[in-house]
Each structure stands twice: as structure tokens, then as C-alpha cells.
Amino acid sequence: MIRDRDTIAAPATAPGGALAVIRLSGGEALTIADRIFRGAAPLSEAAGYTVHYGRIVEGEQTVDDVLVTVFRAPRSYTGEDAVEISAHGSPFIVSEILRLLIASGARMAEPGEFTLRAYLAGKLDLSQAEAVGDLIASSSRAAHALASNQMRGGYSEALEALRERLLHLASLLELELDFSEEEVEFADRSLLRDTMQEIGGRIDALRQSFSLGNAIKEGVAVALVGAPNVGKSTLLNRLLCEERALVSEIAGTTRDVIEERANIDGVVFRFLDTAGLRSTDDRLERMGIERTLASLRRARIVVCLLDAASLSPNALSVESPHPSDLSTDIPAGSAPAALTPAATAYTASCPVESAPVATVPAASAAGVSSPAVLPPTVLPPAATTNTASCSAGSSPASAVPAASAAGVSSPAASAPAACTVPAPDFPLHAAQTLLTVVNKIDTVPGLVLPAGVIAISAKRGDGIDRLREALRSAVPTDELYAGDAVVSNSRHYEALTAARESLDRALAGLRDGLPTDLLSEEVRQVIDRLGTITGRGVITPDEILTSLFSRFCIGK
């Protein structure tokens, strides 16, 4: 991919628009453009950052009236002389201009070659160059902020600060080697250890941010799980504001995982509608349940959907399957993890079809307080509700009764005892957020739910805005919008992990009295690992550069 610095050309805009931009970069960019451009003066005589009106011609025939912007080296995106031709968006016009440019001495650019030249010219470091692609692909406010912060260099500055401190440590150790015969110690070992531990903490913080950063970049995965016919597909349709999933009174309708995206207040969520969890002899349905469990493991947020009717006193006699009936098909090597910790647990006394009598966390993951702070949710018998708005991220007034939406009982009545809910019998890992949601509240007037449990009617739209708020609050973005460094690239995460391992070896060597030359080598390993993220201070192989930049569009 890395060639001689010949002049390259490519469309910089997607086809189908009213206007199109053709980009030209290289030492002969202005000369080549002058061969097909007719304006008031030659472009080769123009100053940088100027715009010129004229015509693209082939002989005496005009192809299009255009505006041409001139950029002079080194003050351009690529660091080279560059020209951007703004023409009408006709595919024929674009192809004709490209044909004329190539005939005049340019060649078609390869994917990402403009940004590769910017990196090689020192205009961008490697992480900033990768952020260019993320910025182009961003589809939400959060993804845009993530890519913008990285492209502006905030992330690079954090890494460079770590590298500078490590370089200082390495230089002191190297200095000791120069005076090894005098047995002089320039690097105080206790100070060296404290500094390395502080750097390790910063590396750990960056590594831990990857879970959030990757979720925002790819879309936050939300698994909708529960017993068959509990309303998962109806809820998906309500969240999407369209009839995406088939809805039927027949249990077990959903056999495969349906994935759709929705933007809620600047964050893209990937909703996974899954097969209902229950004991079944139907082989096809059991395959769907296996996929449900696989979706559970990769979800960042799990919405556990319950049927309000199953929590009423009339449902107490319903038999529950043994948990083993739901776990026999879990793939080997996927041992259940501990449930997300919570401040308070409720003893379950209202079993449902898919859950045994157990305890359920007090929905602390949903961002609500424990029952000691918030009274139970009371659903008035004859409350009037409004249908939830379908605008993503909107918060219309009172989509559910005021007492239900806020989780606060009516001041005119004393708070009755809350119904208890069963615990999920599927495993969760520590990074997951569990939202317990009770559906079909319109069928059980007066039902009292524990604090933190979200009451909805997916069919009527009651409580959907409250659920949207809980989903959005489960994705912290304040620090991201403030410009803090957040890791979203798996290559960066792997490099940070390798750097942490090298740092651990250096700390162990420091503790065990490792000779200075070996200790210095371990510190240099940390520096090199961090350097691979930005490309500074290391020689990046051509194969790596080719892999990274080939994912870009042609004109970038």
C-alpha cells in the first residue's frame, strides 16, 4: 500500500448527493488540476486556502462548472499540495472528472491513503488516524464525542504523558548502567515503585474504560429476556416505534434473536429480542434458548421482563421449572458468573414460569435507591395513562401514573406491602446492568411493586419513557462529553493490557532486586507497548499500516 509519493485522486463524498467533492493530493496536484481547469488564473499561482470558480473541460467541451479549493504544503490534511474540486453530484460528472485527472497524470487513491499520508507526514498519530474512520462511521452524539476526543488528541496526550514519565524512569536506570562501577543509584527505588504503581493505575483506568467505549462505538447491547409470552417482542416494537417483531398469543413465537437499533438521547442501543426462557422438549425452541443465553453473555444491559399477572396472588400456585432445565444447553466453558451485587434483596414468593423461588437484587443497577429510601411502586386501580411518545430520547409528561413512574405511593393512601418478585435464574457478570421490568400492568390494577422495579404496559405504551430513562442512565457519558480519555479500539485495549503485564513484571523485578539492566529493559517494554497505540517512538510495520488504513473509504 505504501508507494512513492505520486499524486492521488478520489471522490471524498458518498454518491447520491447534490454535490460531490473530488480530492487531489501530491506534489503535482496543482499542475494536474490546471490541465483540466479553466478559471480566472492558473491554480499553480494561487495562494493556499483560496477558492476559485471555473470550468472542468476536455478540449473545448465543458464537463461542469466547479469551485476549486487550493491547499499548499505543508498546511493541508496530507501535508502535501492538495486540491478539492466541488462539482455537481452526478455520478457521470464525478467519473468524468476522475477520468480526466488520471489521464493528466494522477492515479486513483487506495482506501485510507489520504489519511495514511497525513500520518506519515506527522499530521496525525496512529490513534488519531483511526479516530478519523470512527468519526465518519459515528451514528450518535456519544459515538461522535468519542471519536472527536480521540481525533483531537486528548487520548494521545494522556498516553504521551505516561510515556514521558516512563522515559524519565528508563533514563535514570540507563544512567546507573553508565556508572555501574561506582555503584551509584540515581533512581530512588521507593520513588520508582510509587511512580510505576501510579502509572499502572492510570493504565488500568484506561483499560476499564474500554467496556463503555466499545459499547458506545458499536451500540450498547440490551438483551430483552423473560418467559414466553411475557411481551418481549411487543416491547421491542414499542421501543423501536415500528412493528419489527411478530407478536402472537402463542407461546414460543420468537425462535431466533432479533437485533435492532434505536437512538435514545444521543446513545445508540442494540436491542436483542430473544426466545422465551422455559423448559421445553421442542428442539427448535431449545436452540433459540441457547442463542438467548449467548446474547445474555454479550449484553451490557439485561432487561428481565416479568408478567404482572404472574406476580398477583392468583399466580402463587404456578409451578416453576428447575433451573437445570434452562442450563443444560449452555456451551461448555461458560460457567455462570455471580449476579450483579445489590444493596438489598427481596425474598421471592411469586414464582413465574421461567424463574424458581429465589431472591432478586434491589435493582441497584438501574440507578435507583434501595427500598429503605424509596417506597414501593403502587399501581392505582383506576388511573388514567397516556401513550408513550415514539420520538427517541424524548421524555413526554406522565407516560404512566405519577405514583408508578416515580416509584412513590399516593400521599392520600398508606403504602401497602410490595409484592415480591423472583430472581433471574440466568448468570450475570459484574459489568452488566440488570433492569427488572414488570409488563402488562394494565391487567392487574392496584399491584404494588418493590422500589426500583419498572412498571410498564408495552401494549399501551405506559411506562416506556421511564424505561428509556433507566436505559439511558445506565450508560454514563458525562466524563465522555467532558473530554476524558475513553478507549474504544480493541487494538488499543490489547496494547494497554500488554503494557500492564510488562509493568507488573517490572514491579516484581523491583521487589526481587532485579539487576538494573534487566529492570530497565522491562520499563522499555512498557514504553514500546504504549508507543504502538500512537505510533510514536516505534517503527510500525507496513503490514500493520496497510491493515489499519485499508478499512477507510477511498477518499479518506
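Please refer to the structure higher up on the page.
Positions within a chain are numbered from 1, following the residues in the order the chain's sequence is written. Per-residue local features are limited, in this predicted model, to residues with pLDDT of at least 70; the limit for side-chain atom pairs, both in listing and counting, is 80 or more; totals at the level of whole chains, interfaces and linings are taken over all residues. For side-chain calculations, the full set of non-hydrogen atoms in the structure is used, while hydrogens and water are omitted.

Q: Can you lay out unusual backbone geometry for me, pointing to particular residues and giving the numbers?
A: Between Ala73 and the following residue, Pro74, the backbone shows a cis peptide bond with an omega angle of 0°. Considering the arrangement of structural elements, one finds Pro74 in the loop between β5 (61-71) and β6 (82-88). Positive phi is not limited to glycine here, since Asn229 has a value of about 65°. Think of it this way: any DSSP run of H or I at least four residues long counts as a helix, any run of E at least two long counts as a strand, and we number them from the N terminus. Counting through the fold element by element, Asn229 comes out in the loop between β8 (220-226) and α9 (232-240). The residue Lys440 is not glycine, and still its phi comes out positive at about 65°. Examined against the element boundaries, Lys440 turns out to sit in the loop between β15 (433-439) and β16 (448-449). For Lys440, a relative accessible area of 25% gives the class partly exposed. Only protein chains enter the accessibility calculation, which uses a 1.4 Å probe. A residue is then buried if its area is under 20% of the maximum for its type, exposed if over 50%, and partly exposed in between.

Q: I'd love a proper account of the pattern of salt bridges, names of residues and values included.
A: Any carboxyl oxygen of Asp or Glu within 4 Å of a side-chain nitrogen of Lys or Arg constitutes a salt bridge here. Scanning the model with the defined rule gives 23 salt bridges in all. One salt bridge connects Arg23 with Glu84, and the closest N-O pair in it is separated by 3.3 Å. Placement of Arg23 in strand β2 (residues 19-25) and of Glu84 in strand β6 is noted, with a sequence separation of 61 residues between them. Note on Arg23: relative accessible area 11%, which makes it buried.

Q: Quick one: what's the story with the environment of Ile203, residue by residue and with numbers?
A: Locating Ile203 in the fold gives a position in helix α7 (residues 189-208). Residue Ile203 is classed as buried on the basis of its relative accessible area, which comes to 0%. Taking C-alpha positions, Ile203 is 9.8 Å from Leu503, a pair spaced 300 residues apart along the chain. If we skip the residues at most four places from it in the chain, Ile203 touches Leu162, Leu496, Ala499, Arg500 and Leu503. Any pair of residues with heavy atoms lying within 4.5 Å of one another is described as a contacting pair.

Q: Quick rundown of the packing of aromatic side chains? Include the residues and the values.
A: Centre distance within 6.5 Å is the pairing criterion for rings of Phe, Tyr and Trp, where only the six-membered ring of Trp is used; planes under 30 degrees apart are then read as stacked, over 60 as edge-to-face, and the remainder as tilted. Across all of its chains, the model carries 3 aromatic pairs by this definition. Whether a charge sits over a ring comes down to the Lys NZ or Arg CZ being within 6 Å of the ring centre and within 35 degrees of the ring normal. Over the ring of Phe114 we find Arg23; its NZ or CZ atom is 5.2 Å from the centre of that ring.

Q: Could you give an account of helix α15 (residues 490-511), naming the residues involved and the relevant values?
A: When the terminal C-alpha atoms of α15 are compared, their 31 Å separation across 22 residues agrees well with the 32 Å that a helix rising 1.5 Å per residue should span. As used in this structure description, the phrase polar contact means that two N or O atoms lie within 3.5 Å; if the pair is within protein, one of them must be able to donate a hydrogen and the other to accept it, and residues adjacent in sequence are counted only when both atoms belong to side chains. A distance of 2.7 Å separates the backbone nitrogen of Arg491 from a side-chain oxygen at the start of α15, and that oxygen is part of Asn489. One or two positions beyond α15, positive phi appears at Gly513, with a value near 75°. Expected helix span is given by 1.5 Å per residue-to-residue step, counting one fewer step than there are residues.

Q: Outline the pairing of strand β9 (residues 258-264), supporting the account with residue identities and numerical values.
A: Paired strands, in this sense, are two strands between which DSSP finds at least two bridges. In terms of strand pairing, β9 meets strand β10 (residues 267-273) through 7 bridges, oriented antiparallel. Note on β10: the bridge partner recorded for Asn263 is Val268. Where β9 folds back onto β10 in an antiparallel hairpin, the turn is made up of 2 residues, including Asp265, whose phi is positive at roughly 50°.

Q: Hey, could you go over the side chain of Arg500 for me, with residue numbers and the actual values?
A: As for its position among the elements, Arg500 is in helix α15. A relative accessible area of 16% means that Arg500 is categorised as buried. Not counting residues up to four positions away in its chain, the partners in contact with Arg500 are Gly200, Gly201, Ile203, Asp204, Arg207 and Leu507.

Q: An account of the nonpolar core is needed here, citing residue identities and associated values.
A: Among buried residues, the Ala, Val, Leu, Ile, Met, Phe, Trp, Tyr and Cys ones that are joined through side-chain atoms within 4.5 Å form a nonpolar core. Counting 37 residues, the largest nonpolar core has Leu235, Phe269, Phe271, Ile301 and Leu471 as the members making the most contacts within it. When sequence neighbours within four positions are dropped, the list of residues in contact with Leu471 reads Val222, Ile264, Phe269, Phe271, Ile301, Val303 and Leu435. With 29 residues, the next largest nonpolar core counts Leu159, Val487, Ala506 and Leu510 among its residues.

Q: Which residues make up helix α13 (residues 464-473), and what values go with them?
A: Extensive coverage of α13 is indicated by the burial of 7 of its 10 residues. Along α13, the residues that are buried comprise Ile464, Asp465, Leu467, Arg468, Ala470, Leu471 and Arg472.

Q: I'd like a rundown of the packing of helix α4 (residues 126-137) against helix α5 (residues 141-151), residues and numbers included.
A: Helix packing geometry: the angle between the two helix axes and the distance between the axes. For helices, the fitted line uses only the C-alpha atoms of the stretch in contact; every axis is such a line through C-alpha atoms, and the angle between N-to-C directions lies from 0 to 180 degrees. Between α4 and α5, whose axes approach to 8 Å, the crossing angle comes to 155°. For the element pair α4 / α5, the angle class is roughly antiparallel. Crossing geometry of α4 relative to α5 is assigned as left-handed. Two secondary-structure elements touch here, α4 through Ser127, Gln128, Glu130, Ala131, Val132, Asp134 and Leu135 and α5 through His144, Ala147, Ser148, Gln150 and Met151. Classifying every residue of the contact of α4 with α5 by side-chain character gives 5 nonpolar, 5 polar and 2 charged. The labels follow the angle: roughly parallel below 35 degrees, roughly antiparallel above 145, roughly perpendicular from 65 to 115, and oblique for the rest. Whether a crossing is left-handed or right-handed is set by the direction in which the near helix is turned from the far one by less than a right angle, anticlockwise for left-handed and clockwise for right-handed. In the scheme used here, Gly and all other residues not listed as nonpolar or charged are polar, with Ala, Val, Leu, Ile, Met, Phe, Trp, Tyr, Cys and Pro taken as nonpolar and Asp, Glu, Lys and Arg as charged.

Q: Describe the pairing of β5, listing the residues and the values that go with them.
A: As judged from the 9 bridges shared by strand β4 (residues 50-58) and β5, these two strands associate in the antiparallel manner. Bridge pairing links Gly54 to Val66 in β5. Hairpin connection between β4 and β5: a loop of 2 residues separates the two successive antiparallel strands, and Gly59 in this loop has a positive phi of roughly 70°. Summarising the sheet, β5 and β6 pair through 5 bridges and their orientation is antiparallel. Its bridge partner lying in β6, Phe71 is registered against Ala82.

Q: Lay out the packing of α7 against α15 in plain terms, naming residues and giving numbers.
A: At a closest axis distance of 10 Å, the pairing of α7 and α15 adopts a crossing angle of 160°. Taken together, the axes of α7 and α15 lie roughly antiparallel to each other. Read as a crossing pair, α7 and α15 show a hand that is left-handed. Within the contact between the two elements, α7 uses Arg189, Leu192, Arg193, Met196, Gln197, Ile199, Gly200, Gly201, Ile203, Asp204, Leu206 and Arg207 and α15 uses Tyr493, Leu496, Thr497, Ala499, Arg500, Leu503, Ala506, Leu507 and Leu510. Of the residues in the contact of α7 with α15, the class split is 12 nonpolar, 4 polar and 5 charged.

Q: Let's hear about a nonpolar patch on the surface: which residues, and what values?
A: Only residues whose relative accessible area exceeds 30% and that form no salt bridge are eligible for patches; like-charged ones are grouped when within 9 Å, while nonpolar side chains (Val, Leu, Ile, Met, Phe, Trp, Tyr) are grouped when within 5 Å. Here the accessible surface of atoms and residues is derived via Shrake-Rupley with a 1.4 Å probe, and residues count as covered only by protein chains that are part of the display. A cluster of nonpolar residues, Val51, Tyr53 and Leu67, forms a patch on the protein surface that exposes about 320 Å² of accessible area. Note on placement: Leu67 falls in strand β5. The partly exposed category is assigned to Leu67, whose relative accessible area is 41%.

Q: So what's going on with the sheet that holds strand β7 (residues 107-108)? Which residues, and what values?
A: Here we have 7 strands laid out as an open sheet, ordered β3-β4-β5-β6-β2-β1-β7, and mixed in their pairing. A single partner strand is all that each edge strand has here, and the edge strands are β3 (37-39) and β7. Of the pairings in the sheet, the one linking strand β1 (residues 8-11) to β7 comprises 2 bridges and is parallel in character. Bridged to Ala9 within β7 is Met108. The strands that helix α3 (residues 113-120) touches are β1, β2 and β7; relative to β1, the one it contacts most, it runs at about 130°.

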